[in-house]
Amino acid sequence: MTNTLPIKAKVMIGMVAAASLCALSFGAARWQSQAWPQLVLLSAAAALSSRFKVKLPGMTSSMSGNLPVILLGVTQLGLFASLLVAMTAAVAQSYTSGKNQLKPIQFVFNACTLLNAAGLAYLVYHSQMFAAHASAHTMSLVLAAVTYFLANTAPVASIIGLTEGGNPFPSGTRCSCGPFRTT
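Residues numbered from 1 in each chain as written. Predicted model: local features only at pLDDT ≥ 70, side-chain atom pairs only at ≥ 80, totals over all residues. Heavy atoms only, no water.

1. Focus: the packing of helix α3 (residues 67-76) against helix α6 (residues 136-163)
Taken N-terminus to C-terminus, the directions of α3 and α6 make an angle of 125°; their axes are 11 Å apart at the nearest point. In this view, α3 runs oblique relative to α6, as classed from their interaxial angle. Of the two possible hands of crossing, α3 and α6 adopt the one that is right-handed. Judged by residue contacts, Leu 67, Ile 70, Leu 71 and Thr 75 of α3 engage Leu 141, Ala 144, Ala 145 and Tyr 148 from α6. Considering only residue class, the contact of α3 with α6 consists of seven nonpolar, one polar and no charged. (Axes fitted to C-alpha atoms, helices over the stretch in contact; angles between N-to-C directions. Helix = DSSP H or I, 4+ residues; strand = E, 2+ residues; numbered from the N terminus. Parallel < 35°, antiparallel > 145°, perpendicular 65-115°, else oblique. Left-handed = near helix turned anticlockwise from the far one by under 90°. Contact = heavy atoms within 4.5 Å. Nonpolar A, V, L, I, M, F, W, Y, C, P; charged D, E, K, R; others polar.)

2. Some remarks on the nonpolar core
Taken as a class, soluble globular proteins show a tendency for nonpolar side chains to be buried jointly. Counting residues in each nonpolar core, the largest one holds 28 residues, and the members touching the most others are Ile 70, Leu 77, Leu 83, Val 85, Leu 114, Ala 121 and Tyr 148. Within the residue set of this core, elements represented by two or more residues are α2 (36-51), α3, α4 (79-94), α5 (104-125) and α6. Looking at this core, the element that brings in the most residues is α5, giving nine residues. Once you skip the residues sitting within four places of it in the chain, Tyr 148 turns out to touch Asn 66, Leu 67, Ile 70, Leu 114, Ala 117, Ala 118 and Ala 121. (Core = buried A, V, L, I, M, F, W, Y, C linked by side-chain atoms within 4.5 Å. Buried < 20%, exposed > 50% of the residue type's maximum accessible area, 1.4 Å probe, protein only.)

3. A short note on the packing of α2 against α4
Angle between the axes and distance between the axes are the two parameters that describe a pair of packed helices. For the pair α2 and α4, the least separation of the axes is 8 Å and the interaxial angle reads 30°. When the axis of α2 is compared with that of α4, the two are roughly parallel. The crossing of α2 and α4 is right-handed. In this structure, α2 uses Leu 39, Leu 42, Ser 43, Ala 46, Ala 47, Ser 50 and Arg 51 to contact α4, whose residues at the interface are Ala 81, Leu 84, Val 85, Thr 88, Ala 89, Ala 92 and Gln 93. Grouping the amino acids of the contact of α2 with α4 by side-chain chemistry returns nine nonpolar, four polar and one charged.

4. A closer look at α3
Turning to α3, its buried residues number three or more, namely Val 69, Ile 70, Leu 71, Gly 73, Val 74 and Thr 75. Taken together, the buried residues of α3 touch α2, α4, α5 and α6.

5. Here's the deal with helix α1 (residues 7-29)
For α1, built from 23 residues, the straight-helix expectation of 33 Å at 1.5 Å per residue is met to within 8% by its first-to-last C-alpha distance of 33 Å. Listing the buried residues of α1 in full gives Ala 9, Met 12, Ile 13, Val 16, Ala 17, Ser 20, Ala 23 and Gly 27. For α1, the secondary structure elements touched by its buried residues are α4, α5 and α6. (Expected span 1.5 Å × (residues − 1).)

None of this, on its own, says anything about what the molecule does.
See the structure below:
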């Protein structure tokens, strides 16, 4: 499959993978002692929720139900543990049986995109942007959720556009599933 990918798509996949390695390295370097039961519970919940698919009106694809669990990990765990929860979600979300088996390059891209989105959401949530405001927790959570959504959606839309030879963000069209979307 990688032989048929346009060079721009290969470059993008490489950049997404490199960014996720940076996130993992950054998280591992700042490893915090975790509440292991909480990490195990959130990982199990991520695996389970990733298997649930939510159909969106007007769209041909579906999305995974793991967003609340990943955001809970972002708020309750350290960066590396949050990334472990996101990786568990990515593996569970990508596992399919039958004809719709993912190619390895698709799995790498999807997992790395999910890791990057969770890492960015973690950094936004734990930043001190709203520390002086009374509603700091709520604003940080909303901004982390928006960051996660954009960081997860934009690369997927871009790779679909690159692999299908079109504009990833044409006006007035609906999102299609494409070769790199597992949800």
